[in-house]
Amino acid sequence: GYVFTEDKTTIIKTIVGDKYFFKSSLDDLEDELDPNLFFRISRNMIVHNQSIKKITNYFGGTLKLELTPTHENEVTVSRRRVTDFKTWLNT
């Protein structure tokens, strides 16, 4: 699954597609999650390693992700996090 913010609301979407609203910010939640399993790909999203279905190179040095379950919006790894993201995937 993954965690994202939308209109200042934090939402957890499980691998089976269930949605839960969470009161904490992504910053607070990030501190509680296992860094071996979860990675903050951008300011508004944290992904679980098993939710990543496909990775493709994208504009401006970013990466585009296809997630399971599918996210309603385009999901990209911010350019400044790409190197750390690739390292995280290979550990």
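The structure under discussion appears in the preceding block.
Residues numbered from 1 in each chain as written. Predicted model: local features only at pLDDT ≥ 70, side-chain atom pairs only at ≥ 80, totals over all residues. Heavy atoms only, no water.

Attention shifts here to the layout of surface pockets. The computed volume of the largest pocket comes to approximately 290 Å³. Forming the boundary of the largest pocket are 16 residues, of which Ser42, Arg43, Asn44, Met45 and Thr76 lie nearest the centre. Listed by contribution, the elements that provide at least two residues to the lining of the largest pocket are strand S1 (2-6), strand S4 (38-42) and strand S8 (75-77). The element contributing the most residues to the lining of the largest pocket is S1, with three residues. Considering only residue class, the lining of the largest pocket consists of four nonpolar, seven polar and five charged. (1 Å grid on protein atoms, 1.4 Å probe; cavity = no way out; pocket = protein on both sides within 12 Å on 5 of 7 lines; lining within 4 Å. Points joined across faces, edges and corners; volume = space filled by probe spheres on them. Helix = DSSP H or I, 4+ residues; strand = E, 2+ residues; numbered from the N terminus. Nonpolar A, V, L, I, M, F, W, Y, C, P; charged D, E, K, R; others polar.)

Take the sheet that holds strand S3 (residues 19-22) next. Taken together, five strands build an open sheet; the order of strands is S3-S2-S1-S5-S4 and the sheet is antiparallel. Sheet topology places S3 and S4 at the edges, where each strand pairs with a single neighbour. Sheet twist, expressed as the mean angle between neighbouring strand axes with direction ignored, is 30°. Sheet topology note: the S4/strand S5 (residues 45-48) ladder contains four bridges and is antiparallel. Across the sheet, residue Arg40 finds its bridge partner in S5, namely Ile46. (Pairing = 2+ DSSP bridges. Axes fitted to C-alpha atoms, helices over the stretch in contact; angles between N-to-C directions.)

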